[in-house]
2 protein chains.
Amino acid sequence: MKKQALILFAHGARAASWAEPFLRLQKLTQESSPELKVELAFLELMQPQLPEVVKNLVDQSYESITITPIFLGQGGHLIRDLPLMVEEIRQQYPNLQIKQVAAAGEDAGVLHAIRDYCLRSMNP
Amino acid sequence: MKKQALILFAHGARAASWAEPFLRLQKLTQESSPELKVELAFLELMQPQLPEVVKNLVDQSYESITITPIFLGQGGHLIRDLPLMVEEIRQQYPNLQIKQVAAAGEDAGVLHAIRDYCLRSMNP
């Protein structure tokens, strides 16, 4: 069976506090799926960034990578920037299976959870 | 009882596709809570923006507004920009009750739903 990794791909920001939910998400996901390697990679402004994370996974003999954008909406970063980065990775590592899936915010379960949070936030 | 409104506050982007999950979220939230007015407001690049949405609510006699940031992380926009906007709104409408709550991505229920999506995205 191929060694599989999941990369949580997030935007990044100048404020260090911005990374906290993503670090919690990485921990939660890793704990739920100990057999899977779960990494966090940023597009910009924060480290580590995607090319470095992929290189490390390839160096550790991971053969199949899913990149899951932890973005709410599908804007220019996911429509243009990420596919270009994935194409570069494909050219660099032709034997690596690499899959880019839809933004987390496109998922009905995620939207329902945000809806529940919004309604709770009215009356804490 | 005061007329209450909930504003889902999102970033905005150039790509029109970016707004879709937020529009679905607004619809979902409004359907779950028909007695509440649920509005969507953007920080930048998309319309309507926060000052206009608040003005319309005040014009419709809403007296209490909760602003819930539909952001994953707490970066400069939520640490600096939004509190400044809320302060301006407070000065402009001193009788309006206005509350800014934490980013949706800080909520454990939201993070668990994203974790579930990530794990499903590996094996669709």
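Every value quoted in this text rests on a predicted model; they were computed, and no experiment measured them.

What counts as what
Residues numbered from 1 in each chain as written. Chains lettered and ligands numbered in written order. Predicted model: local features only at pLDDT ≥ 70, side-chain atom pairs only at ≥ 80, totals over all residues. Heavy atoms only, no water. Buried < 20%, exposed > 50% of the residue type's maximum accessible area, 1.4 Å probe, protein only. Helix = DSSP H or I, 4+ residues; strand = E, 2+ residues; numbered from the N terminus. Right-handed = clockwise from strand over helix to strand, strands pointing away. Contact = heavy atoms within 4.5 Å. Buried area = accessible area lost by both parts, 1.4 Å probe. Salt bridge = Lys/Arg side-chain N within 4 Å of Asp/Glu carboxyl O. Polar contact = N/O pair within 3.5 Å; in protein donor to acceptor, adjacent residues only side chain to side chain. Least-squares fit on C-alpha atoms with pLDDT ≥ 70 in both. Disulfide = S-S within 2.5 Å.

The element strand β2 (residues 37-42) of chain A is largely enclosed, with a buried count of 5 among its 6 residues. Handedness of the strand β1 (residues 4-10) of chain A-helix α1 (residues 20-32) of chain A-β2(A) crossover: right-handed.

So, on to the interface of chain B and chain A. Every contact between the two is made by 49 residues of chain B and, on the other side, 49 residues of chain A. In terms of surface lost to chain A, no three residues of chain B exceed Leu72(B), Tyr117(B) and Met122(B), which account for 17% of the buried area on that side. For the pair chain B and chain A, the number of links is 4 salt bridges. The salt bridge involving Glu106(B) is made with Arg24(A); its shortest N-O contact spans 3.5 Å. Where chain B meets chain A, there are 18 residue pairs in polar contact (both at pLDDT 80 or more).

Turning next to the relation of the copies chain B and chain A. When chain B is fitted onto chain A, the two copies agree to an RMSD of 0.0 Å after a turn of 180 degrees and an axial shift of 0.0 Å. A rotation of that kind, with that shift, is consistent with a two-fold axis. A shared interface surface links the copies, since 100% of the contact residues of chain B are contact residues in chain A too.

The next thing to look at is the state of the cysteines. Disulfide: a covalent bond formed between the sulfur atoms of two cysteine residues. With the rule as written, the count across this model stands at 0 disulfides over all chains. A disulfide-free cysteine, Cys118(A) has its sulfur positioned 19 Å from the sulfur of Cys118(B), the nearest such atom. Residue classification places Cys118(B) among the buried positions, given a relative accessible area of 0%.

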